Structure formats: structure tokens, C-alpha cells
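Next come the chains, spelled out residue by residue.
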Amino acid sequence: MAMEDEDNAAVVATNTDAGMKKGGDVKDNGTCIDRQPDTVVHPAGLNPNAERGSRNGPGAATGIRVLKRNMKRNGSRGCVTRKTRFGSRERDWLKGDTQRGCVCLYVGTVDPVPPASGPQATSTPQTDLQLVLCSTSTTVEELCAQRDGQGLFVQLHGDLVRRLDPSERPLQMVYDYLAAMGYAEPARVQREAANSDLSCLIRFYSERPVNADQQERTLLKGVFSVRKGKTQLHKWAERQVILCGTCLIVASVKDSLTGKMHILPLVGGKVEEVKRRQHCLMFSSAGSQAQTYFVNFDTLADYQRWHRQASKVVSQTVSLVDLSCYSLETVPQYLFYSQDITHLNLRHNFMSLQGPGGLQNLPRFSQLKSLNLSHNRLGVFPECVCEILTLTELNLSCNSLYTVPVQIGNLQSLQTLSLDGNHLSSLPEELGSLSQLNCFGLTFNNFSQIPAVLERLSAVDKLAMAGNRVQSLELCSLARMSHLKIIDLRLNGLCQVKSEILEPVTQVTQLDLRDNCLASLDLSSFCNLEMLYCQRNQLGTLALSGFTLRMLHASNNRLSTVNIYPVPNQLTHMDLSQNLLEYLPDWVCDSRKIEMLDITHNLLSELPSRLLNSLSLRKLLAGNNRLQRVPDLLDHIPLEALDLQHNKLTELPESLFYKALNLKHLNVSANALESIPASSQSEESLSTLQELYLTGNNLNENCGALLVGHQNLRVLHIAYNQLLSFPASKLSKLELLEELNLSGNKLKTIPSTVSSCKKLHTLIAHSNHITVFPEILNLPKIKLVDLSCNELTEIQLPDSLPATLQELDLTGNSSLMLEHKTLNLFSHITILKLDQKATTTTGDSLSASCPWNHGYSEMSGQRNKLCVSVLAVDRFRDGVEACYGIFDGDRNEEVPRLLQCTMGDVLCEELQHSSVDSVYMCNTFLTSHRKLGMAGQKLGASALLCYIHHEPSQPGGYLSLTVANLGSCQAVLCRDGRPVALSKVFCLENCTEEMERVKLSKSIITEDNKVSGVTCCSRLLGCSYLYPWVLPKPWVHTEPLCSQDEFLILGNRALFERVSYQEAVTTVQAVGDPCAAAKKLCSLAQSYGCKDNIGAVVVSLLISEDSCTCEPTVSTTEPRGPPPAPFPVSVTPGPTDTAALSSSSGIVSEFNSETSASEVGSEAGSTASDEHPSSGSASRPERRCSLHPAATLCGIIMPGSTGAGSHPGLFQRQPSCATFSSNQSDNGLDSDDETPPEGVISNGSKLEVEVDIHCCAFQLRSGAPESPKDLNLEKRGSDYPNGKMRRQNSVVVSATNGCLLAVCGREIADLKKSPSTSSLFGKKLPNGSVVAPEDSHNIIEVALEAPKKKSGYFTAPTQQDPEDQLIVPPSLEQEVREQLRGQSPLVTGPSVPSTPPSIRNSVWDHPHPPAFTTNPAPALQQEVYDTAL
């Protein structure tokens, strides 16, 4: 390729010999030569004929180093950033123009290149990857000329591989791809294009990659010993043997295909193993004149490969060859020997017209009946297909066709023609001559009216024109097409149906008008109409003929009445849900055969008595109306399912259960019931009720006695009522009970008779007053137990737990104490949720400084796996910020977990690059989409991310909430008791503009409104194989927060499908506690009929001016007494970059066991006070609240301050912590065989030393310290870039100024900076969820990571030793005391510059070793665990 200047440069990066010298030269034309050890200089530029590997001559102009391994293994670092594979010259060249970039060129699996002349040619190894520097104007032809290549190939989403045309521009293709995804900034597009992770989305190959499995299914050939016939007359001979299509081909000459070819059809034949010879197969054709060939293979692998493929062929009943999704450009030439082929599938390839195996050769198949050429990017209709006169089925869908040739009339045998997903707007008249055509697909084209040629196609009975542009339907044209019985005009933007004729339309039996814009619809002239689908229009009136009507689906409209005449006596199913009906028409009750009636979400105030007493009605859905009573039942009825939830019912008919003996499902949740009717009039009950939902009523314990008669009951939801108890004798009679929900009542115990329910697998009883753990762990089928938010104090367990137990939730039981035996028994439970054990004192909680807290809940429902994950970080980054997210994978759990672990980190990184909400949120989603890698190619998830932060223009001002979402996850803000929607649902049914976008990109939307039948969402993270129909670009919205904002609710699709925004807000307001509120939302959704995974996050917002604790600045040098409430001051590192953090000494260094006590003590004495020698005159800091944080506080960086990043050295310390684990000590010895060093505390499981007195919290103590507790120091790994870090608890020391200064460990703050590590710091739940540590972290989960011993997780005493205190080792006591006394007189402990100068701490003068009161800082989410656990 000729290069006139830098802008046209195409620099090929190749692998090299390690013996080259470093250095680089710059030629006169600006071309860079990088001569590093891993670089070879290729001929380039003006001398394309220079020898490979030669450095001599002016042609050796360019050469850039390349990885010697696959780039994918190198992480996600881009090529343009520093410390990557490019030198400074290349980086400068790239940054000079955003239209320049890097193309990653992969080498397929090919034979080694023959060595070229030159001294180094033979020593250059084959590479996996080449980096090509070029511009957006560089074409494939120029790149191939530069590197002497034959062509380039592109692969999208790990799927098909397509050969690029010589005029295509690879870099521009990448830029266009990224722009379509959602990237807007040119510089960011350039950087993303050079990122190695992008290869999972778009990848270029220099040669077509070889797929062994694909080759096996397409063509098998080789030279083997062959014998013809079953007799011994023929001898074995070496022959070329080919298996292609449906035939076995044997050449008559060895190693040659010249001469006579023997063709053996295999369909319907046999392939058998010959036992007398090793690796020998017998191939036989079908029929009376069957021929037989014996083939002896050389290896077992060849034998198995041929046997496997031949077995598939002989098992076919028709001569079918399936070559779909093989990235083929031509048909294998050997396939033309299979003249018996009748069905050929070439779908999803890149077939060309020309060439030996091109489409123009398809007429050679003389018996071909079915040909599938869909999704081949043809662009034009292949006229050669019209020469295959035997065709009966032809599929040319999704080929970007604009016209149909007149030669289509030659296919007189054609019966099925599919032209869906093209750009057709007209059809030729010759098409009308196809008299046998009975199935004609024209969906998702550009027709503005029904083609007139259809009038001549008398055999076609279905008009399939969904997704076109027919805005007006004229009934007169339909009347002329008397052969059409089924009409599909959904998704057309249809605005009117013109009825200008009086003649009835007699032939149409099924009409589909869903998802249009119809305001009224009069189909009275359709006298034989049987099925009508008109959902999601804007219908205000609907008139139909009832002569033959069987099914009516008219939900999601504005109907106040429906006129059907005469009475539809054939009507069996009718759906009028989500309309404006205030009453039911009389004809509904007169229908004799109606079986299912859905009238939910209307304005009905009463139900007709005749309707409920119908002798045909089996399913009645009347929820979400205004019903105040249900009519009495006059006689026995066949009703099987009755849904009356969300009404105003105070009672049910007394005869309900003994008149409706077939009733199996009853849902009366969210009413005002105070009692339920008896199951029978006598002691013997005939009830067949299996599912009963009574949640959200006013029932008391008396209803328990009335449930006894329903002995077939399997599911009972009686949550959120007024139950004080549940009769024990009554519960024992529900022996078939499988699922029991008693949540939200006032129960103190669950009867022991629950053990009689041997089939019980789910018990949900959260939000009660239960104190004793129920006897349910002896049940053989128990799977889920939820006793959270109760008052449990202990658990009595059997010797072993059932193996079926998968989930146990005991969170919210503050008094619960667990013994070691309990911990061991719980070890096998998949999902275990327990509270952390934290110790705080009155007035010390730093959580008040955080104006929000959260709770979450996840329920798997009736699914076997949980595909919903939650991300919740109350302390995000370094300031008063928070990050919450919810991810719903629908049917997969992999993508939600990946997003949960990475998306917070990605947001942190994007915030460093931009402060514009729409930019950093959008880039966060797009980057997360890329980071999904191969998992995101076929799987996807809905995602919602909420980021609470200060406005960039006012860092110390008020807070804002930025929400970004895609898919079906939603967020609702409660403002003044009213819901404020913050998200946009990207479902095709709810989003008109997304529906239009998907239609314009020619996706096939199935009848259930799913893109290609896969997902109903048009925007997802992952599912990249559905590009460009499904995109990862989110919707971003920023809402300023004010004092009227009470809480935030995040939920997935399943939650808000059942619980409205207003009900969700009212529910959370009534509960108060975020955790209990989230659980109630999920329980309500389940009781309302949800069977799917449910996820909910409730964030309580305390952003009121009344909670502001700002005070004017006061300067004083006198000691001050303790204020009424000590104010919290949390200290975390500023929002500096990783390099700044890693270079400071604030990160804890870990000592090995050789560190002496004196060294630790001397290092412990060094504090940050050395940097503030003049701190004696420090004034009292201004008291600030979390909403208006101070920028800095005497050099200590405050959360949310703008100058946090500008003082990296103000608070530093030297390493002062030595930590020893009982699993493996730092010197590599097993600590079980070691003697604990002097001064090291042992609780039987962990060996700890706590000497870090810099990362401590200081608090005023006027009296004796409280009962101390041991601190378990958990050794944790971290993915944080600074390397491994250890978590350390705070140590609270008495001070005398009354101000609480929490100076916590830098390692904790660093972990908190990374959302994923901070979430893991709080322990990721086994189901994949990550929530804030104070809510999710529990001792069991910590124990799961602790070193296991034969005696259990812990060997500490069962009860806490009152003498267990955090002790300064005796060898360090005197030195620490001297060090502390030698510090600045501001504080007699470790120096804190903001403390008044005359403060002394008498604790350090105590003659005994000082006992530090353990008081963690909840604002920094410190975890403290009791050694008794």
C-alpha cells in the first residue's frame, strides 16, 4: 500500500526474533521503526518487494512489536494506553488523529508459511495475532497489499466468519460498530477499538479460521483401503474416499479424482462395523439393488469420525443436507455428486453467486425440492434459483432484497415462498401464475398496502404481512380475496379499517391486529370471524359479529364497552383485561360456552350473579377492580380458578367452597377480609382446593380452624394479616402442604405440629415475633426456610440436616447466638444469610453520617435457580456517595453475577474520565457489555444502576441521583408519598420507538413480541449475537434529591408486573425498615401470582434539612467538654488514582513471622504527625453534616471533598500491622505445628496481632471501658490493583476532648474504593448477590472462607471468655506507651492533628496492659465478629 503521509499509514505489527537490538529510527516520511527485542521489521511502505525479515534497504520502513500470545490473555488494557505494546512514537501517531487506530488481526489455524529467503526467515515463528495501525480510510485491498495477504475475514460475536470485500474498510467497520453500540466521543471510540476485549464482539482474521467439527460435518475425505462387494472376488485397493452430502464417493484411481467415480447413496442404507478387521466399516445403499463398500481406516480417530457422520446420513428419511451456519461462500463441489438431494439448507451463510460452488450451479441438483437461503446477505434475488423447476419450497428471508424478478413465474411447482425480513414494496404480476402457492410470507417488509397480485393466488389462505407499513385496511380489497382465511397485520401502524361496502366478509376466520394504532374497530361484517387479536391498540369501541366467535383478545386498550351481536354462544376464551370497563355487558352472562374470562385491571364494581353461576365458566380473573362483594352461589358450579385480588371485599360467599367443589386455585389477596367461609357444612369436606392466597387482609388466628377442611391444600399464603398464633392441631391436618407463607403477622411461635407436613419444602415466616426456631429441619423435603426479621435467640437443631435444604435466611434476628455445632451443620447450605455481629456503643454510630441505608430481598420462586443479582454499596468511592444496582438474567445466572462483580468498578473508572452523567453512565454500561466477553455473546441480562452523588459543579452541595437502565429492571423514587418513575422499560410492547427501530433493522418479531423469538427486550447487556436489534446503550436520567425524597425502590420485571408503583411506595412507607420492606415487596409479588425470580432493593433516604448537623466554625485553644452527641468524622483516602495510592504509605504492609516485636513497636510509633509540626495551635474543626462535608479537616481528607485528591501525603503512616493466619503463616509453615509468637492472640482458630494504632478510632471514655470482645481479623484476598490487602478492625481508644475521630485502616478504605471488592469485603452471597457488608456479611460466610480443621470451623470456647480483650503484647506495652507519650501533646495516643493540644488520655497510664474497647466505625462498614461465634 502506498503511503503518502502518516494519515495513510498501515503499519503491520508482527512477531519477531528475540535477538534483535533495541532502538528505533524515524524515517523522513514520519514512519516509525520500533526495534525492540520482540519486534521484527517487515517490508512495508515504499518497498513492498523487500525480502521478509531483511533490515537492509530503504523499504524497511515500518514495524511494530506484537504479542507472542493471544491478546485476549492480556486483560482489558487497550493498545493506546501507556504501558502497553506500542511505543511512544506509535502512541503519538495514534493520538494525532482520531481517525487513526489499531486493528487486531488474528491468524487462523493454517499450515505454516513456507520459509522465504533471508537470513532470519526460517527462525520467525508463526504468530497468533498481528496489530495493524491504519486509518479509517484504509481498505482491505491496501492492507492485503501491505502484508502480501489473500484477503481478510471478519467475525461478529464469535459466530459466522465473512470474507471482506476489497473495498471495505476494517477500522471504519469497528468505529461504526462502536458508534451503533452507543459510544459518542471519537477519542473514546478510538480507545475502545484498540481494546483487546473487543475481539469477543468483532474480530478480524488474516485467513479463514479452520473449524474441525465444521469440516467433519461438511466434507470427509482420505485415501484408504477399499473393497467393493460382500464377496471375496474383489481385492483391497488404495482409493480416494469422500463422504459429502448424502453419498459415499469412491474414486477409481488412487490419489486422483479423474476417471470413473463410484457413487453410493447412503440415505436409508446401512453403516456397520466389520469385526473381522480392525477399524473397518461396511457402507451399504438402500433398495433391492444395494451396493456395498468396505473401507479400512488407518486410525481409530478416522474410524470414529467417519462412523459418526455416516450414521447421521443413513438415519435420515429424506435426502436432506444441512449446511446452515457454516460461514460458507460456496457449496462443496463434491456435493454435486449427490444427485438424490431433495432438501438443501444453506441458511446463515455468505453464499456468492459466482464460482464453482456458487448459487448459479444449484440447478445441477435435479431433484431439489426445498431450498433455504435465508440470512445470506444476498442483496439481490438470485435469478438462477428460478431455473430449479422442481422447487416446492423456497426461503429467501432476511437477504436485503428490494425486488423480485419476473422469472419467479417459472417455479410452477412452488408451494411455499418466504420473503420475510426484506425491503420489498411491490411484487411482479408474474407471481400470480403460481397456482400451487399456498404459503406466502411477506412479514417485515415495506408494503404500504396489500399487493393486488394476491387476488390471483387462490391457493394462499393466510395473509402474513406483519411488520409492514399498511396504515389503512380496506375491507373491499379483502372481500375480493375470497381465499384468505387468516390475516396477520400486527405491527403495521394501522390507523383505520375502512368499511365502505355492505357485503359481508365471509371468508376471514382469524384476524390479528395487535400492536397498531386503532382507535375504533367495527368488524360486524366479518360474520364468520372465529378469533380476534387486537391487544395493545387505543380502542375505545369494539363491535363484532358473534355468530362464530370463539376467542377474543382485546387487552391493553381503552374499552368501556364491547358490542357483540348476536350473543356469542361459541365463545370460550375472552381477555378484556387492562381496559376501562365499569360493567360487564349482558351478553357475557348469556354466553353458554365461555370457559375463561379475564377482566383484571378494570373499573368493575360488581360481578353479575349469572356470570359466577355459569355452568361453563372454569377460570375467572377479576383482580384489580373495585368489587365490594361477590354474589352468592346458587348451585354447584365447575369453577376451577378464581382470582379476586386487589379489590374491596370484606367477605366471601358462605357457600363458596361447598358449591364450587372443583375450585383448585383461589387468590383473594389485598382485600379487607376478616374471615373466610367454611370448607363445608358438615365435618366431612369435599374440597379440592390446592392453592389459597390470603395475603394482605385482616384475618386473625380464628381462620386457622377454617382451613382444616382443605386437606388437599398444597400452597397457603396468609402473610401480612393479624395472626397472633396458628392452631397447632389444625396445622397438623394439612399433611399435603408444600409451601407455607406466614410472614408479616404477629406470630411468636410456629406450632411444632408443622413437622406433620412431610411434603413441606418452603416455609416463609419473616417479619414476625418468633423467638423459637420451629421444628422443620426434620422434614425430608424442606428446601427453603426464611425466618428473617424475627426475634430468634437460639436454634435447636437435629444431629443432621436434610440434604434438600438449599436456602436459610436468619437475618434481622439481632439476639441470635450460634453455637459451633450449628455452624458445622450449616456448612452444606447453598444460600445462607445471617447477620454480622457488630459492636457499637451509644452515640458512637457513624452510620448517622450516611444519609441512606438499604435492604434487599431475592426470591427464586418456583424456579430452580436464582437469576437475579443485587449490587449495593452504601459507601461508594471516597465521598458521601452510594451505588445500587439490580441485574436480571431471566433464564441465566452467569451474566447477572458477572455484572454484579464488575459494574461498580467500571463506574469508578468511568467517573475518572468524565463528570457528565450521560457520558459516564452510558460508557459504564457499554464497557460492562464488552467485559462480559464470551459469556455475553449468547446470554444477556437487564440491568439498572443508581448512583447517588454530589453535583460536579457543587461538590459540597446537595445530592443528585443518576439512574441508568436497560431491559426491564425499574427504579421508583418516593417523593412526598408519591411514586416518581426514574427508569424506562425497554420492552417491545411498551416502547414504540424501540419497536420501530427493531423493525427498521429488519428483525423478525415473533407473535409473542420477542426479537427473533429470544427476548422481549430491545436493549440488554450481553446477547451480542442479536446485534443490531438488541443494543447495550442505556437510558440515563438524573434527578436532584430533596428533603421530600423518602426512599428509592429498585426491582426487576417480575416485581413490578405484580406490584404497582403506588402500592410499592405505600408498602415501603408502612414498613419503614428497608430490609423488611424489600422482603414484603417480594412476598406480595409471590402472593399476587408471580412464579419467577423476584428481586427488590429498598434504599431509605434521610436527606432532610432537619438532619443537617452543620455548625459554625469555632476557633479555640482551650479544652472543651464532651458535646451532647459526639459527631462522626469518617476519614478515607481521597479520590486519587491507583498510582497515587500505591505510592503512599497509607496502605497496610504485611509482615512475615520474622518481624520482631521491637520493629513492630517502633513502626507503630511513627504517625502522620511528623508532617504537621505546627499542629499545636490547630483550631477546632467546623462541624459538618454528610450533606455539606468540609473540604478538608486539618489535612485529613474528608469524604466528598473536592480537594481530596490534592493532598496525597497529608495522612501517611508506616507499616504497623502483623497478621498471622491459622491456615498458613507467612514463613510457609503450617501454623498448627508452630508455637504462637509472643504477644500474638489466639482464639483457637485465628492467630492475630493487633498493633496498628494508627488506623484506630478515638473516643472519649469517662468511666471504665465496656466489656471488650476479641476481634477476628479475617484474611481476605482482593482484586484491587494495589495488590493483596488484609482487613483490619478498628481499635477504639479513650480521648478527653469528646470528639470521635474515626481514623480507620487505609486498607479498608482502599477496598471500599472498589465496589466489587467492597461488596466482596461484605461477602458475596452464594446466590451471587453482593450487598453492603452490614446487611449481608455473616459469621457463617466468614467461616466458609476460614481455614477448616477436623473439629470444625472454630475451636474457640462456646461462650465468650470475659477476660478476652484486645491486649497490647507485653513486649510492646512499654515501648508503645513511650511512643505515644512522645507524640504531639494534642492526643496522648496516636497523633491526630485536629485534637486540642492539652488533651491527655489517662488510659495509657494504667499499670496493667491497656484494654482497647472495640468500637468499629459503621460509617466505614467495619465488620467485628465475636470470638464466641
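Our subject is the structure that appears above.
Okay, so let's go over this structure. (Residues numbered from 1 in each chain as written. Predicted model: local features only at pLDDT ≥ 70, side-chain atom pairs only at ≥ 80, totals over all residues. Heavy atoms only, no water.)

1. A few points about unusual backbone geometry
Now for step 1: Note that the residue after Tyr 565, namely Pro 566, is joined by a cis bond; omega there is -5 degrees.
Now for step 2: Here the residue pair Tyr 1027 and Pro 1028 is connected by a cis peptide bond, since its omega of 5 degrees sits within 30 degrees of zero.
Now for step 3: Of note, Pro 1028 is situated in the loop between β52 (1021-1022) and β53 (1035-1040).
Now for step 4: In the Ramachandran plot, His 375 falls in the positive-phi region, its phi being about 55 degrees despite a non-glycine side chain.
Now for step 5: Within the element layout of this structure, His 375 appears in the loop between β19 (370-372) and β20 (393-395).
Now for step 6: The class for His 375 is partly exposed, based on a relative accessible area of 27%.
Now for step 7: One non-glycine residue, Arg 536, lies in the positive phi region at around 55 degrees. (Helix = DSSP H or I, 4+ residues; strand = E, 2+ residues; numbered from the N terminus. Buried < 20%, exposed > 50% of the residue type's maximum accessible area, 1.4 Å probe, protein only.)

2. Comments concerning the packing of aromatic side chains
For any pair of aromatic rings, geometry is given as the distance between the ring centres together with the angle between the planes.
Now for step 1: Scanning the entire structure with this criterion turns up nine aromatic pairs.
Now for step 2: Ring centres of Tyr 106 and Tyr 205 lie 6.3 Å apart, and the angle between their planes is 55 degrees; on these two criteria the pair is classed as tilted. Of this pair, Tyr 106 sits in strand β5 (residues 100-106) while Tyr 205 sits in strand β9 (residues 202-205), and the two are 99 residues apart along the sequence.
Now for step 3: Assessed through its relative accessible area of 3%, Tyr 106 is described here as buried.
Now for step 4: Using a relative accessible area of 9% as the deciding quantity, one classes Tyr 205 as buried.
Now for step 5: An angle of 45 degrees between the planes, with centres 5.4 Å apart, marks the rings of Phe 297 and Trp 306 as tilted.
Now for step 6: Looking at Phe 297, the relative accessible area reads 2%, which means it is buried.
Now for step 7: Taking the relative accessible area as the measure of exposure, Trp 306 reaches 2% and is therefore buried.
Now for step 8: Cluster of aromatic residues (ring-pair linked, three or more members): Phe 224, Phe 297 and Trp 306.
Now for step 9: Above the ring of Phe 294, the side-chain terminus of Arg 227 is found at 4.6 Å from the ring centroid.
Now for step 10: A cation over an aromatic ring shows up here: Arg 277 above the ring of Trp 236, its NZ or CZ 4.1 Å from the ring centre. (Phe/Tyr/Trp six-rings, centres within 6.5 Å; stacked < 30°, edge-to-face > 60°. Lys NZ or Arg CZ within 6 Å of the ring centre and 35° of its normal.)

3. A look at the packing of helix α3 (residues 170-181) against helix α4 (residues 186-193)
Now for step 1: With their axes 10 Å apart at the nearest point, α3 and α4 run at an angle of 115 degrees to one another. Viewed along their axes, α3 and α4 form a crossing whose handedness is right-handed. Touching Val 174, Tyr 175 and Leu 178 of α3 are Val 189, Gln 190, Glu 192 and Ala 193, all from α4.
Now for step 2: Class assignment of the residues belonging to the contact of α3 with α4 gives a composition of five nonpolar, one polar and one charged. (Axes fitted to C-alpha atoms, helices over the stretch in contact; angles between N-to-C directions. Left-handed = near helix turned anticlockwise from the far one by under 90°. Contact = heavy atoms within 4.5 Å. Nonpolar A, V, L, I, M, F, W, Y, C, P; charged D, E, K, R; others polar.)

4. Remarks on the sheet that holds strand β30 (residues 541-545)
The pairing of strands in a sheet comes from backbone hydrogen bonds and takes either a parallel or an antiparallel form.
Now for step 1: One open sheet accounts for three strands, arranged β28-β30-β32; its pairing is parallel. Only two strands of the sheet have a single neighbouring strand rather than two, namely β28 (520-523) and β32 (563-565). Averaged over all pairs of adjacent strands, the angle between strand axes in this sheet comes to 10 degrees, irrespective of strand direction.
Now for step 2: As judged from the four bridges shared by β28 and β30, these two strands associate in the parallel manner. Within β30, the residue paired with Ser 520 across the bridge is Thr 541. (Pairing = 2+ DSSP bridges.)

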